[in-house]
Each structure stands twice: as C-alpha cells, then as structure tokens.
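Structural features, examined
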Amino acid sequence: MKRTRPTSLIGLGVGGVVVGFLLELAASGMGVAVFVPPLTLPITLVAVAIIVVAFAIPIRRAVRGRSSRRIDPFQAMRIVVFAKACSLSGALLTGAGLGILLYLVTRDVLPASNAVLLTALGTAGAIILMIAGLIAEFFCTLPPDDDDDPETARVRSH
C-alpha cells in the first residue's frame, strides 16, 4: 500500500473548503439555519486520533524490534487502512471546517461567538485527526529491505 500523498490531502482540503462554504451559502439562501458543529465533534475526532495512534504503536514496536510479540499481518493492514482513512477524512473535515469558518466570518453580521468557537474547535479536531492518521501510517511503515536498495541491486547484477 502506498503512503498518503500530500496532493491527496490538499485536494480533499480544498474540496472541503468549497463544499463547506457553498453548503452554508445555500442553507443561508434558503432561509435554513447554518450548520454549526456540535461540541462533541472535536471531542470525537480527538478520541479517534488517540485510538488510531494507540493501535499503531504495537506495530511500530514490532517493526523496530523492541517487541518480541508477533503481529498479525491482517491486523497491521487493517490499522494502516484505518490510519489512511483518518488522514484523508481529517483533511476533508479540515477543509469543510475552514469553509464554514470562512462563511461565518465574512458575513456583515457576525454570528454568536460560540458558533465561530465551535467551528474553530471542530476544525482543530480535524487537523489533529489528519496528523494522527499520518503518524499512525508512518508507524506502520516497514523499513526497506537490503534487496530494495537499487544501488545494491545494480552492483549485484554486474
């Protein structure tokens, strides 16, 4: 499995900004209340971030040789997919939070202060989730084998 690319994260973030801003604009235009993330959103995102890193730590220890416990490869694959999903969804939610925040602060009449605060907290939670997903994905990376080194392979072939 390939590592998450920065372009994927940036693309999802930009898409989230556009979608978040336009959905808020559409809701406001139709007379519907704008979306303000609840306080439980950043709490949940940070909890998931802690869980994904906690799941990746035993794999990191086994890869580094600090643990003699054998790691199930299927479990490791599930954890790395979970980590990748966290980084991608964190990027999307960060963009959406920034889009909502951009909408809220560009209005002539500022909304209640807790709306801006809750949106900023939700965005911060999404950033934490994205970073934790990238860290957990790094923890699940195997070190390169001696056979993977192209210089060594070239020397052996001659």
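Structure's up top.
The text that follows walks through the structure, step by step, so that each part is easy to find.

Here is what the cut-offs are and how they apply
Residues numbered from 1 in each chain as written. Predicted model: local features only at pLDDT ≥ 70, side-chain atom pairs only at ≥ 80, totals over all residues. Heavy atoms only, no water. Helix = DSSP H or I, 4+ residues; strand = E, 2+ residues; numbered from the N terminus. Buried < 20%, exposed > 50% of the residue type's maximum accessible area, 1.4 Å probe, protein only. Contact = heavy atoms within 4.5 Å. Areas by Shrake-Rupley, 256 points an atom, 1.4 Å probe, with all protein chains shown as cover. Phe/Tyr/Trp six-rings, centres within 6.5 Å; stacked < 30°, edge-to-face > 60°. Core = buried A, V, L, I, M, F, W, Y, C linked by side-chain atoms within 4.5 Å. Axes fitted to C-alpha atoms, helices over the stretch in contact; angles between N-to-C directions. Parallel < 35°, antiparallel > 145°, perpendicular 65-115°, else oblique. Left-handed = near helix turned anticlockwise from the far one by under 90°. Nonpolar A, V, L, I, M, F, W, Y, C, P; charged D, E, K, R; others polar. Patch = residues over 30% accessible without salt bridge, like charges linked within 9 Å, V, L, I, M, F, W, Y side chains within 5 Å. Salt bridge = Lys/Arg side-chain N within 4 Å of Asp/Glu carboxyl O. Lys, Arg positive; Asp, Glu negative; His and termini not counted.

Regarding its fold elements, the protein presents five helices and zero strands. Reading the secondary structure of the protein in the N-to-C direction produces α-α-α-α-α. The buried share of the protein, reckoned over its 158 residues, is 30%. Put simply, 82% of the contacts in the protein that link residues at least 6 apart link residues at least 24 apart. Summed over all atoms, the accessible surface of the protein reaches about 9900 Å², with 69% contributed by carbon and sulfur.

Bringing the packing of aromatic side chains into the picture now. Geometry of an aromatic ring pair is reported as the spacing of the ring centres plus the angle between the planes. Counting across every chain of the model gives three aromatic pairs. Where Phe 55 meets Phe 82, the ring centres are 6.5 Å apart and the plane angle is 55 degrees; that geometry is what we call tilted. Of this pair, Phe 55 sits in helix H2 (residues 40-64) while Phe 82 sits in helix H3 (residues 73-105), and the two are 27 residues apart along the sequence. A relative accessible area of 28% places Phe 82 in the partly exposed class.

Below, the discussion takes up the nonpolar core. With 18 residues, the main nonpolar core has Val 52, Ala 56, Ile 59 and Cys 140 as its most contacted residues. Listing elements by their share of this core, those giving two or more residues are H2, H3 and helix H4 (113-139). The element that contributes the greatest number of residues to this core is H2, accounting for six residues. In contact with Ile 59, other than residues within four places in its own chain, are Ile 71, Ala 76, Ile 79, Phe 139 and Cys 140.

The next point concerns the packing of H3 against H4. Relative to each other, H3 and H4 sit at 155 degrees, their axes nearing to 7 Å. Here H3 is positioned roughly antiparallel relative to H4, judged by the angle of their axes. In the crossing of H3 with H4, the sense of the turn from one axis to the other is left-handed. Residue classes in the contact of H3 with H4 are distributed as 18 nonpolar, eight polar and two charged.

Taken together, the side chains of Ile 10, Val 14, Val 18, Leu 22 and Leu 25 define a hydrophobic patch exposed on the protein surface, amounting to about 450 Å² of accessible area. Tracing the backbone through its elements, the reader meets Leu 22 in helix H1 (residues 6-29).

Contact pair H1 / H3: the axes reach a minimum separation of 6 Å and the direction vectors enclose 40 degrees. Considering the angle they form, H1 stands oblique to H3. Handedness of the crossing formed by H1 with H3: right-handed. Contacts from Ser 8, Leu 9, Leu 12, Gly 13, Gly 16, Val 17, Gly 20, Phe 21, Glu 24, Leu 25 and Ser 28 of H1 reach H3 at Ser 87, Leu 88, Ala 91, Leu 92, Gly 95, Ala 96, Leu 98, Gly 99, Ile 100, Leu 102 and Tyr 103. The residue inventory of the contact of H1 with H3, partitioned by class, reads 13 nonpolar, eight polar and one charged.

As for Phe 82 and Glu 137, which are separated by 55 residues in sequence, their C-alpha atoms are 8.6 Å apart. Residue contacts for Phe 82: discarding those within four places in its chain leaves Val 48, Ile 51, Val 52 and Phe 55.

Below, the discussion takes up the side chain of Arg 60. When you line up the elements, Arg 60 lands in helix H2. The buried charged residue Arg 60 lacks any salt bridge partner; its closest oppositely charged side chain belongs to Glu 137, at an N-O distance of 12 Å. Those residues in contact with Arg 60, other than ones at most four positions away along the chain, are Phe 138 and Phe 139.

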